[in-house]
Amino acid sequence: MRPPTSMTIAGSDSGGGAGIQADLKTFTALGVYGTSAITALTAQNTRGVQAVIPIDPQDVIRQVTSVLDDIPLDATKIGMLASAEVIAALAETIGSRRVAFGHLVLDPVMVATSGDVLLPDTATELLRERLLPLTHVITPNLPEAARLLDVPVAADLDAMADQAEQLRDLGAEVVVLKGGHREAEEEVVDVVAHPGGVDLLRAERVHTRGTHGTGCTLAAAIAAQYARIARARTPGNGGLRFLATTPDAADEIGGAQAPGDDLAAIGAGRDFLQRALRGGAEQQLSVAPQDGHGPVDHLITIARREAED
Ligand SMILES: Nc1ncnc2c1ncn2[C@@H]1O[C@H](COP(=O)(O)OP(=O)(O)OP(=O)(O)O)[C@@H](O)[C@H]1O
Ligand SMILES: Cc1ncc(COP(=O)(O)O)c(N)n1
């Protein structure tokens, strides 16, 4: 008997809103046991990134293999990779032990909400050629999709669908092209291209400055949902006892992997993010909230006491 498990391979955000910290909170909020491999340290808060401190690629791999050698993983989320050297080392390890990573969700982090660069331009080609073909789901935002394809940023939903299909052609089985950057729209639409076709996932725009870490949280939530589904599907493991009941859980039980699993995991991951965004809009962490972008509320699945006034 074991709980659903996941690993995040990402950068550390000292401010706690994005990266490793957002991922581990998201895994926890969705009842998934989280493990991690840190690819870079950042000195970062809601106002921006003050420093990026690299980690030696071999030390990233040491963390990854330490986890792989001991803990079976249902899913893995990859976020900030920081350098071409880390991408190359990771692609080699994933290539040789692909199955051990479980469902692989890649958020191709390139630039932070604050505008700070988190991956040099020169590393894009390596990400596209080496890592993308190994992933199950890739979750680019609009500028990231454009950079991966070397085309202009998609201006409408048709262009987004087209780019999502083109990214599938590069090797990812499922593409979630995120539409959060189309700020004029009242509705936020993510385009999902998958083996069954193209679907549009719509949500009402939350009017908030608290969008730091939304991309990380979405990818981590999708990985967590895959982990839950994988656990729920494993016959006779008794592991269902470990599936915490949370409002945004996707665990359709029975049989082997089913075609609807991708949309179930992505839809439930997105529902979690939407609730976390709405919760984040009501909280204030920074002493200067107008200067930066606060985090989403990862603890939204944890019941809070009603105000006593
Ligand atoms: N204001 C908003 N209201 C509702 N949903 C949003 C909003 N902003 C972003 N989203 C959702 O958040 C997710 C991340 O979208 P976005 O396009 O902003 O990606 P990103 O740029 O990688 O995120 P980040 O802000 O972490 O860099 C998507 O599912 C998107 O639909
Ligand atoms: C360590 C780390 N990873 C990812 C992001 C991107 O998140 P966002 O675009 O919301 O700033 C970040 N800022 N820091």
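Everything here concerns the structure above.
Residues numbered from 1 in each chain as written. Chains lettered and ligands numbered in written order. Predicted model: local features only at pLDDT ≥ 70, side-chain atom pairs only at ≥ 80, totals over all residues. Heavy atoms only, no water.

Novice: Whenever I open this one, helix α2 (residues 57-68) confuses me. Can you help?
Specialist: The periodicity of an α-helix, 3.6 residues per turn, causes residues three or four positions apart to be oriented the same way. The end-to-end C-alpha separation of α2 is 17 Å, in line with the 16 Å expected for twelve residues at 1.5 Å each. If you check which residues of α2 are buried, you get Pro57, Val60, Ile61, Val64, Val67 and Leu68. Projected down its long axis, α2 shows its buried positions confined to an angular sector of 125 degrees, all on one face. In this structure, the buried residues of α2 make contact with β1 (5-13), β2 (33-45) and α3 (84-96). (Helix = DSSP H or I, 4+ residues; strand = E, 2+ residues; numbered from the N terminus. Expected span 1.5 Å × (residues − 1). Buried < 20%, exposed > 50% of the residue type's maximum accessible area, 1.4 Å probe, protein only. Arc of directions from axis to C-beta. Contact = heavy atoms within 4.5 Å.)

Novice: Where do I start with the pattern of salt bridges in this structure?
Specialist: Between side chains of opposite charge, a pair can form when the charged atoms approach closely. In total, this model carries ten salt bridges according to the counting rule given. In this structure, the salt-bridge partner of Lys77 is Asp23, at a minimum N-O distance of 3.0 Å. Remark: Asp23 occurs in helix α1 (residues 19-29) and Lys77 occurs in strand β4 (residues 75-78); sequence separation between them is 54 residues. With respect to burial, Lys77 and Asp23 carry one shared label: buried. For Asp107, the salt bridge is made with Lys178, and the minimal N-O distance between the two is 3.3 Å. (Salt bridge = Lys/Arg side-chain N within 4 Å of Asp/Glu carboxyl O.)

Novice: I'm lost on a negative patch on the surface in this one. Help?
Specialist: A cluster of acidic residues, Asp156, Asp158, Asp162, Glu165 and Asp169, forms a negative patch on the protein surface. Structurally, the position occupied by Asp169 is in helix α6 (residues 157-169). By relative accessible area, which is 69% here, Asp169 ends up exposed. (Patch = residues over 30% accessible without salt bridge, like charges linked within 9 Å, V, L, I, M, F, W, Y side chains within 5 Å. Areas by Shrake-Rupley, 256 points an atom, 1.4 Å probe, with all protein chains shown as cover. Lys, Arg positive; Asp, Glu negative; His and termini not counted. Charge placed at Lys NZ, Arg CZ, Asp CG, Glu CD.)

Novice: Explain the sheet that holds strand β5 (residues 103-106) here, please?
Specialist: The strands that make up a sheet pair up through hydrogen bonds in the backbone, lying either parallel or antiparallel. One open sheet accounts for nine strands, arranged β3-β2-β1-β4-β5-β6-β7-β8-β9; its pairing is mixed. Either end of the sheet is taken by a strand with one partner, and the two such strands are β3 (48-54) and β9 (197-204). Bridging between β4 and β5 involves four bridges; their strand directions are parallel. Counterpart to Lys77 in the pairing with β5 is Val105. Lying on the sheet, helix α8 (residues 261-280) is in contact with β7 (174-177), β8 (187-194) and β9; it crosses β9 at an angle near 15 degrees. (Pairing = 2+ DSSP bridges. Axes fitted to C-alpha atoms, helices over the stretch in contact; angles between N-to-C directions.)

Treat this as a map of the structure, not an account of what it does.
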